[in-house]
Structures are given as C-alpha cells and as structure tokens.
Amino acid sequence: MADHELDTGAGTAVVDADTADRRTAAGVAAEGVLARVRAGTEELTGALRRVAEHVLSDPEAAARATIVELAERSGTSPATITRFCRAMGFDGYADLRLGIAAETGRARSAGWTVDIGREIQPGDPLSRVLDQIMAADTRAMHDTAALLDLTEVERAAVAIAGASRVNIFGASGSALVGREMQFSLHRIGVAAWSWSEVHEGLASAALLGTGDVGLGVSHTGQTRETIEMVAEAGSRGATTIAVTGFPRSPLAELADVVLLTASQATTFRPDALSARHPQLVVLDLLYIAVAQRTHDRAHAAFRRTAQAVDGHKAAKGATP
C-alpha cells in the first residue's frame, strides 16, 4: 500500500528539491544511471530512499515495470516515482526506464551481471568467485568513469603540478590507496607525503599554505580524522581535493575539488573495500595528468629514480 504521508513530508521535499537542482544541472549520462542512484541514496529519505533501494535491488525489473507497478513494489506512489526521476535528473519515468534498460542491457552483454549481488557461499569454487569479483570490479570501473567529472580532474592536476608540497590523507584502507598515490607522485619529482595518523597529519597540514595541496581519500566521506586533516589544510590556504563515493558527504562539502568514485560490493568485500580499485583508477588518472603537465621534470625524475634502484635488480641468469 502506498505511503502518502512520507511522500509529502517537508523534510523529504527539501531533499528532493536540492537533489533535483544538482542532478539536472549536471545532467545524467545513460550509462551512469545506477551509479548515480547508488551515490545519491544516502541523500534521500523516506519514500524516495525506498524507491532508490528498490531500483538498485533489481534494475532489470524496474526497467520493465510501469510507474504504478514500481510505486506498488516500493510501497510509495506514482507521484513519488515522478519526484525520484527528477531527483536523478530525468524529465520523467519513461526516460528513467530507458536509461536503466540501456545500462542493464550493456551490463548483460558485457558479462558484468554475472554473479553480482549473489552471496558467495563457503563451498563456491574459486572460478565462480573470480567471475564475481571480475564482474563487480568491471562494473565499478565503468560506473566510476560515468560519474567522474574530467574538468575536476584537470583542476586537481593543475593544482598538484604547481604545488610545492602535497599532503595525502586517509585512514585504514584509504590510507593504502593514499600511499600508492604518494609513491607515484614522488617518483616524478612531486614533493608528496602520505599521512594516516591524525596527530602527524594535522601537524603537517598546519604547515601547508597557499599553492600547496591537501588530498583526502575516504569512500564514505565521513571519516572524522580525514575530514579534520583536510579541513586543517584548507584553513591554511591549501587547495583541497576529495576522492569519495558520496558527493554530499562532509569531506566533499569542504573540498575545493571533488573526484567521485563508484563501488560494487560483494560478499566479504563491502563498499569500503570494493571502492579501492576505482579509487586507484581515479588517482592513477590524476597522477598521469600531473605527469603530462610536468613532462620534462617528470621524465627526468622517473629516469633518475629508476636508475637509482636498478642495481638492486637480480641480473638475468643469476642464481637466486
């Protein structure tokens, strides 16, 4: 039965309008419909959130359903479905259905739907587990490409290329991703440091200034330590960059530049863990963009750093 009381709640209406303005302004690529729904679910409340969760639980069924059927299955109303479509940047339900159908059709032909969403059982053969991981990661990469704003990547690359110091902040799994970025930048002559311990990170952020960069990595965008370190960097005049899966998270809200990533959770790999590969792809793109803008310096630095460690490689034919 439809829940009309939640459909007309003032709190939900405020979220709807705010979300709709952003979505419509940005536009929605057909291939990124489900990624945008997934990223925007945390912003929605009440009936709209139920619609989003229902669409994500079975996109193919949603693409086949009429507006009345989708309303009944999600326990809402046709009016709520219409507002949900606007929140996702579509003119109406017909456009949303076409977008989901096109995306699920591509996923099916590419094999991305194989085992995605299916629980991995203790007795599953590794071949099936591998198929599921590959399908989930492939889908997450494509979703990330659809979400990513290349203009924002350009802005981040220009800031890092011209920075005298780059601080990278992250905790737990995000710290591993941050250290990978620090290593890559260091190899091309960019003065970069990676911080996961909040006291050390805050002390380092306090020494940043105008022209420097503070980059925070957090899938949820809600990790307190990362938010504090990025905020400290920003308060000192540094350009701040957020790599996150949620555009309205606290980390994204305070950053000057936001790079969005998607994830595709599987058994034993919840969102925070499954986000690592998309995060690495985005940061790898950013690293290459920086290298392009500092080509001569980067090329010379990479050559020198490679030569410095060359003597530690085992000679061909040598006995280990």
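Please read these numbers as outputs of a predicted model, since none were measured by experiment.

So, on to the confidence of the model for the chain. Looking at the chain, pLDDT values average 82 and 81% of them are 70 or higher. Per-residue pLDDT stays below 50 along residues 1-30; that stretch engages in 52 contacts with residues further than four places along the chain or on separate chains.

Take the packing of aromatic side chains next. One pass over the structure, following the stated rule, counts zero aromatic pairs. Over the face of the ring belonging to Trp-193 we find Arg-165, whose NZ or CZ atom lies 4.0 Å from the ring centre. Directly above the ring of Phe-302 sits Arg-187, whose terminal nitrogen or CZ lies 4.6 Å from the centroid.

Before going further, it helps to spend a moment on the pairing of strand S1 (residues 166-170). The buried count for S1 comes to five of five residues, which makes it a mostly enclosed element. Taking every second residue as pointing to the same face, both faces of S1 are buried, with Val-166, Ile-168 and Gly-170 on one and Asn-167 and Phe-169 on the other. Where S1 meets strand S2 (residues 192-195), four bridges bridge the pair, whose relative direction is parallel. Counted as the bridge partner of Asn-167 is Trp-193 from S2. As paired strands, S1 and strand S3 (residues 213-217) are joined by five bridges and run parallel to one another. Pairing of Ile-168 across the sheet is with Leu-215, part of S3.

Procedures and definitions
- Residues numbered from 1 in each chain as written.
- Predicted model: local features only at pLDDT ≥ 70, side-chain atom pairs only at ≥ 80, totals over all residues.
- Heavy atoms only, no water.
- pLDDT = per-residue confidence, 0-100.
- Contact = heavy atoms within 4.5 Å.
- Phe/Tyr/Trp six-rings, centres within 6.5 Å; stacked < 30°, edge-to-face > 60°.
- Lys NZ or Arg CZ within 6 Å of the ring centre and 35° of its normal.
- Buried < 20%, exposed > 50% of the residue type's maximum accessible area, 1.4 Å probe, protein only.
- Helix = DSSP H or I, 4+ residues; strand = E, 2+ residues; numbered from the N terminus.
- Pairing = 2+ DSSP bridges.

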